[in-house]
Amino acid sequence: MTSLRLLATSLAITTAMSSAAMAQTTLTMWYHGAGNEVESNIVNQIISDFNASQSDWAVEMQSFPQAAYNDSVVAGALAGNLPDILDVDGPVMPNWAWSGYMQPLQIDEAKIANYLPGTKGVWNDQLYSIGLWDAAISLVTRKSYLDELGLRVPTLEQPWTGEEFMDALAKAKASGKFDYALDLGTAWTGEWYPYAFSPFLQSFGGDIVDRSTYTTAEGVLNGDAAVEFGNWWQGLFNDGYAQATQDPADRDNGFNSGKYAFSWNGNWAALGTLDAYDDVLFLPAPDFGNGPKIGAASWQFGVSAASEHPEGASAFIEFALQDKYLAEFSNGIGLIPATASAAAMTENYKEGGPLAVFFELSEAQALVRPVTPGYVVAAKVFEKALADIANGADVQDTLDSAVDEIDADIAKNDNYGF
Amino acid sequence: MASKFTRSNSTGWMMAGPAAALMALFIVLPFIFAIGLSFTNQRLISPNPTQFVGLSNYSQLLGVGLLTLEPERDDAGAIVREADGSPAYPALRGYTRNNEDYPQLDGMREWFSVSLGDSRTYVLARDVVFMKAVVNTVIFVLVVAPVQGGLALVLALLINQRLRGINVFRAIYFMPVVVSIVVVSLLWRFIYDGQSGLLNNLLGALTFGAFPRIDWLGNPSTALGAIIAMSIWQAVGFHMVIWLSGLQTISPSLYEAAAIEGASKWQTFRYVTWPGLRNTAVLVLIVITMQAFALFAQIDVMTSGGPLDSTQTIVFQAVERGYGKQDISGGSTISVILFVFVLAISLLQRWLTREKK
């Protein structure tokens, strides 16, 4: 008798649960963070909080490895099979928006008024994506190294000039204490190159494409400033300050094990460095004449054009924009919270926190990569040009042919609508 | 007119049917699309309509030009010399960029140059990277086909013996074939590592540290060789098995006869084994050649075509353009060129290895 009642009760409960689920419309979401447990846990937490907070929508997530994510989205779009909610790398967003993969977000702009500029994905005057965090790069070193080499500590107000930076590298090399003076992270390929290194070019006065028209790279990627940048870049490798090909293990651990005096690395690696040393300094980018610059914009959330429920997808994204989630991401994987109020809630980014400097760097120096659908191709061309120059190719010829390739691509796409 | 194909043979067609249908759907049809797309400006993703552009994709890839330059002379008419004593020539970009007198050279780059007396002749290409990819692929095929085929034959002869535990050796030689090429490439990246790679450590230990550490994949002069060596090692077991099957079709009575005649080991190989392997040899050669032309995964994982384009290959360029740079028409054009290339070489091989009657 008891077992029968138990069965009946559990049946009733199951039915009640499934009918509750039936009332919710399922929204699918793709995310790039497969393989990162901490990240997955946070995203899953947001999803279950959201699903429990209202009865209209139920979000389901599918994770992809980051390296395969963009290809998966493109393939999904060609097959007419996109999810409702996408995450998208900031500089790639214009390409997807222009191609009709994404639709503008239905989010009140007032909600994101105090967000860091790099987290807002705006294309054609419309908001397509919004990031819960930003990423920033700094020149990582130790106070003890600077003292030993007799170098001043650069500040946001007074960063190193190009000469001071080169002087620092020369002294680090001359000290003989390090395998290489500078760890640029050449072991990382792909988007790392334009993200991390095009700000140097911009600080020299050049750029990947001409931002006044977005229809050519002539003059900005092969002009005098760019050639000066190229010679400087080649010199880093010719003079033995950095490696053109790097062991990935050295990228992950080289600075923390004392192989390099300086490391050009992002805030996501900062927690590990803080564990390794107690006198770590995160320095602003050097100024090569046109102001110190670092890259802006990281992964962001958006709604796919294929979504039949953009209001639900937008509601989820708006839900995820709460300060507590921003803070959780930051605490979990060291990213820069998108708002100052969320930063105040975090261990590392609150005032006086060990990583607070990244928030200031992001505010003060960050420059988004060219906001054009053509960026996807230009970034690849730029990466190859830098790798070739690092390996000894002629600077002017390499930059000229990079310009030709970018211009040919822009022409082939009817100027990408500009 | 009754041929084998038109004669009623329903069982044969039913057996070939599924495979033929799948091949038509996934190989022949896409390839016909590729031929069509190579005459358009099709993009991977774009809201713009596709347009017919004729042969411009082909001329963009295959365009070459010649330019002969005289050395620069100073006011007295003497040749200006570089620091190393070679004559100085005017910069090429003055001719290939925005020069109205040389419209046919616009956008071209130096592929290679030849010095004749004082003047220097530049061979320019519209797409130098593609040209280098073609050259690298041909070098790869020319080295891999004979070396891999020969090595596989030696291994097959070694393991085609009645020895205790011979199956262990067969398994060892065949093992790399079973492992995915991507995994093998990742592992070999560690072996070739410039700092603490296995190969450097090994060479260092063998020469008591006299051998300098080489960044095998990061050095333009060693990168392609490193990939060739690794590719030969990886697939040699596959061809070894084909040779082995060929060896085992040779009748033992021929060997007995040779032994009775008092033939030496070499004579046995030359007059019994090798003639018996003729068809196998044709198969192995053609298969290796076609596989070698398709070189992609090793490049994608290990070098991405670098450093300085020393490991660019045709298929890698096709994928890089079609998918990476979203230029489907460019990728299709490369595929069509590769197809014509491989077809021509296969026909040539068939003609060279034909039955001579």
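Residues numbered from 1 in each chain as written. Chains lettered and ligands numbered in written order. Predicted model: local features only at pLDDT ≥ 70, side-chain atom pairs only at ≥ 80, totals over all residues. Heavy atoms only, no water.

Undergrad: Explain the overall build of chain A to me, please; I cannot follow it from the model alone.
TA: For chain A, the count of helices and strands is 16 helices and 15 strands. Taking 2.2 N^0.38 as the reference for a compact globule, 418 residues should give roughly 22 Å; the C-alpha atoms of chain A span a radius of gyration of 24 Å, in line with that estimate. C-alpha atoms of chain A, sized along the principal axes, occupy 85 × 55 × 40 Å. For chain A, contacts bridging at least 24 residues in sequence account for 74% of all contacts bridging at least 6. A total of about 16300 Å² of accessible surface is found on chain A, and carbon and sulfur atoms cover 51% of it. In chain A, 19 positive and 54 negative side-chain charges are present, and the distance between their average locations comes to 6 Å. (Helix = DSSP H or I, 4+ residues; strand = E, 2+ residues; numbered from the N terminus. Rg over C-alpha atoms; globule rule 2.2 N^0.38 Å. Contact = heavy atoms within 4.5 Å. Areas by Shrake-Rupley, 256 points an atom, 1.4 Å probe, with all protein chains shown as cover. Lys, Arg positive; Asp, Glu negative; His and termini not counted. Charge placed at Lys NZ, Arg CZ, Asp CG, Glu CD.)

Undergrad: Help me out: how do you make sense of the environment of Ala318(B) in this one?
TA: Residue and element names in this part refer to chain B. Along the polypeptide, Ala318 turns up in helix H13 (residues 314–324). Residue classification places Ala318 among the buried residues on the basis of a relative accessible area of 13%. Separated by 15 residues in the primary sequence, Ala318 and Thr333 have C-alpha atoms spaced 8.1 Å apart. When neighbours within four sequence positions are excluded, Ala318 is seen to be in contact with Gly331, Ile334 and Ser335. (Buried < 20%, exposed > 50% of the residue type's maximum accessible area, 1.4 Å probe, protein only.)

Undergrad: Whenever I open this one, the packing of aromatic side chains confuses me. Can you help?
TA: In this description, an aromatic ring pair is defined by two values, namely the gap between the centres and the angle between the planes. Residue and element names in this part refer to chain A. The tally for this structure, following the rule as stated, stands at 49 aromatic pairs over all chains. Residues Phe197 and Trp233 carry aromatic rings whose centres are separated by 4.8 Å and whose planes lie at 50° to one another, so their mutual orientation is tilted. You can see Phe197 sitting in helix H7 (residues 192–204) and its partner Trp233 sitting in helix H8 (residues 224–238), a full 36 residues away along the chain. A relative accessible area of 0% places Phe197 in the buried class. (Phe/Tyr/Trp six-rings, centres within 6.5 Å; stacked < 30°, edge-to-face > 60°.)

Undergrad: Even after reading the chapter, I still don't get the interface of chain A and chain B, so can you show me in this structure?
TA: Accessible area lost when the parts come together is the quantity often used to give the size of an interface. Each partner contributes residues to the interface: chain A has 37 residues there, and chain B has 32 residues. In this assembly, chain A packs against chain B so that about 2700 Å² is buried in total across both faces, 45% of it on carbon and sulfur atoms. Broken down residue by residue, the surface that chain A buries against chain B is led by Lys380(A), Asn391(A) and Lys412(A), which jointly contribute 20%. Viewed at the interface, chain B and chain A are joined by 9 salt bridges. In this structure, the salt-bridge partner of Lys325(B) is Glu405(A), at a minimum N-O distance of 2.8 Å. Scanning the region where chain A abuts chain B turns up 13 residue pairs in polar contact (both at pLDDT 80 or more). Elements with a contribution of two residues or more to the side of chain A that touches chain B: helix H3 (66–78), helix H4 (93–98), helix H9 (248–253), helix H15 (375–390) and helix H16 (395–412) of chain A. A breakdown of the residues in the side of chain A that touches chain B according to their chemical character gives 14 nonpolar, 9 polar and 14 charged. (Buried area = accessible area lost by both parts, 1.4 Å probe. Salt bridge = Lys/Arg side-chain N within 4 Å of Asp/Glu carboxyl O. Polar contact = N/O pair within 3.5 Å; in protein donor to acceptor, adjacent residues only side chain to side chain. Nonpolar A, V, L, I, M, F, W, Y, C, P; charged D, E, K, R; others polar.)

Undergrad: Where do I start with the confidence of the model for chain B in this structure?
TA: Keep in mind that low pLDDT regions are not for reading the predicted coordinates in detail. Mean pLDDT over chain B: 90, with 97% of residues reaching 70 or higher. Per the prediction output, this complex has pTM 0.89; the corresponding ipTM is 0.86. (pLDDT = per-residue confidence, 0-100.)

Undergrad: I'm lost on the pattern of salt bridges in this one. Help?
TA: Close approach of charged atoms lets side chains of opposite charge pair. Considering all chains together, one arrives at 21 salt bridges over all chains under this definition. For Asp404(A), the salt bridge identified is with Arg97(B), shortest N-O distance 2.8 Å. Linking Asp404(A) in helix H16 with Arg97(B) in the loop between helix H3 (93–96) and strand E2 (109–116), this pair reaches from one chain into another. When its relative accessible area of 11% is taken as the criterion, Arg97(B) is described as buried. Salt bridges sharing common partners tie together Glu218(A), Asp400(A), Asp404(A), Arg93(B) and Arg97(B).

Undergrad: Even after reading the chapter, I still don't get the pairing of strand E1 (residues 25–31) of chain A, so can you show me in this structure?
TA: The side chains of a regular strand alternate between both faces of the sheet. Residues and elements named next belong to chain A. Sheet topology note: the E1/strand E2 (residues 57–63) ladder contains 7 bridges and is parallel. Within E2, the residue paired with Met29 across the bridge is Met61. Handedness of the crossover is the feature at issue here: the chain leaves E1, passes through helix H2 (residues 37–53), returns alongside E2, and the resulting connection is right-handed. (Pairing = 2+ DSSP bridges. Right-handed = clockwise from strand over helix to strand, strands pointing away.)

Undergrad: For this particular structure, what's the right way to read the sheet that holds E2(B)?
TA: The pairing of strands in a sheet happens through backbone hydrogen bonds and is either parallel or antiparallel. All names here are of chain B. Ordered in space as E1-E3-E2, the 3 strands form an open sheet in which the pairing is antiparallel. If you trace the sheet from one side to the other, it starts and ends with strand E1 (64–69) and E2, each paired once. Neighbour-to-neighbour, the strand axes of the sheet open up by a mean angle of 20°, direction not taken into account. In the sheet, E1 pairs with strand E3 (residues 119–125) via 6 bridges, with the strands oriented antiparallel. (Axes fitted to C-alpha atoms, helices over the stretch in contact; angles between N-to-C directions.)

Undergrad: Sorry, what's going on with a nonpolar patch on the surface here?
TA: Together, Leu22(B), Met23(B), Leu25(B), Phe26(B), Ile27(B), Val28(B), Leu29(B), Ile32(B) and Phe33(B) make up an exposed nonpolar region whose accessible area comes to about 940 Å². With respect to the helices and strands, the residue Leu22(B) is situated in helix H1 (residues 10–37). (Patch = residues over 30% accessible without salt bridge, like charges linked within 9 Å, V, L, I, M, F, W, Y side chains within 5 Å.)

Undergrad: Help me understand the sheet that holds strand E11 (residues 280–283) of chain A, please; the structure alone is not making it clear to me.
TA: Residue and element names in this part refer to chain A. If you walk across this open sheet you meet the 4 strands as E9-E10-E8-E11, and the pairing is mixed. In this open sheet, the two strands that pair with only one neighbour each are strand E9 (180–183) and E11. Adjacent strand axes in the sheet meet at a mean angle of 20° when their direction is disregarded. Sheet topology note: the strand E8 (residues 137–142)/strand E10 (residues 260–266) ladder contains 4 bridges and is antiparallel. Bridging from a neighbouring strand, Val140 pairs with Ser263 of E10. Of the strands in this sheet, E8 and E10 are in contact with H7, which crosses E10 at around 115°.

Undergrad: Is there a simple way to explain unusual backbone geometry in this structure?
TA: Across the chain, the bulk of peptide bonds are trans and the bulk of non-glycine residues have phi less than zero. Residues and elements named next belong to chain A. Even without a glycine there, the phi angle at Asn124 is positive, about 55°. The class for Asn124 is exposed, based on a relative accessible area of 57%. At Asn415, a residue that is not glycine, the phi angle is positive and equals roughly 60°. Positionally, Asn415 belongs in the segment after H16.

Undergrad: I would appreciate a short explanation of the pairing of E11(A) in the present structure.
TA: All names here are of chain A. What you see with E11 is no split at all: Val280 and Phe282 on one side and Leu281 and Leu283 on the other are buried throughout. Two elements, E8 and E11, share 4 bridges in a ladder whose sense is antiparallel. Bridged to Val140 within E11 is Phe282.

Undergrad: What am I meant to see in a negative patch on the surface here?
TA: A cluster of acidic residues, Glu157(A), Glu351(A), Glu360(A) and Glu363(A), forms a negative patch on the protein surface. Secondary-structure assignment places Glu157(A) in the loop between helix H5 (143–149) and helix H6 (162–175).

Undergrad: How should I be thinking about the packing of H8(A) against H16(A) in this particular structure?
TA: Two quantities define a packed helix pair, namely the angle between the axes and the distance from one axis to the other. Residues and elements named next belong to chain A. Interaxial distance between H8 and H16 falls to 9 Å at its minimum, and their mutual angle equals 125°. Classified by the angle their axes make, H8 and H16 are oblique. Along this stretch, H8 crosses H16, giving a crossing that reads as right-handed. Between H8 and H16, the residues in contact are Ala226, Val227, Gly230, Asn231 and Gln234 and Val395, Gln396 and Leu399, respectively. Classifying every residue of the contact of H8 with H16 by side-chain character gives 4 nonpolar, 4 polar and no charged. (Parallel < 35°, antiparallel > 145°, perpendicular 65-115°, else oblique. Left-handed = near helix turned anticlockwise from the far one by under 90°.)

Undergrad: What exactly am I supposed to notice about the UniProt feature "transmembrane region" (unreviewed entry) in chain B here?
TA: All names here are of chain B. Under the UniProt annotation, the feature "transmembrane region" (unreviewed entry) is placed at residues 12–39, 138–159, 171–191, 223–244, 280–299 and 328–348. Secondary structure over residues 138–159 splits into 100% helix and 0% strand, and the C-alpha atoms at its two ends are 31 Å apart. Annotated as 100% helix and 0% strand, the span residues 223–244 places its first and last C-alpha atoms 32 Å apart. (UniProt positions renumbered as here; feature names shortened; annotations may be inferred.)

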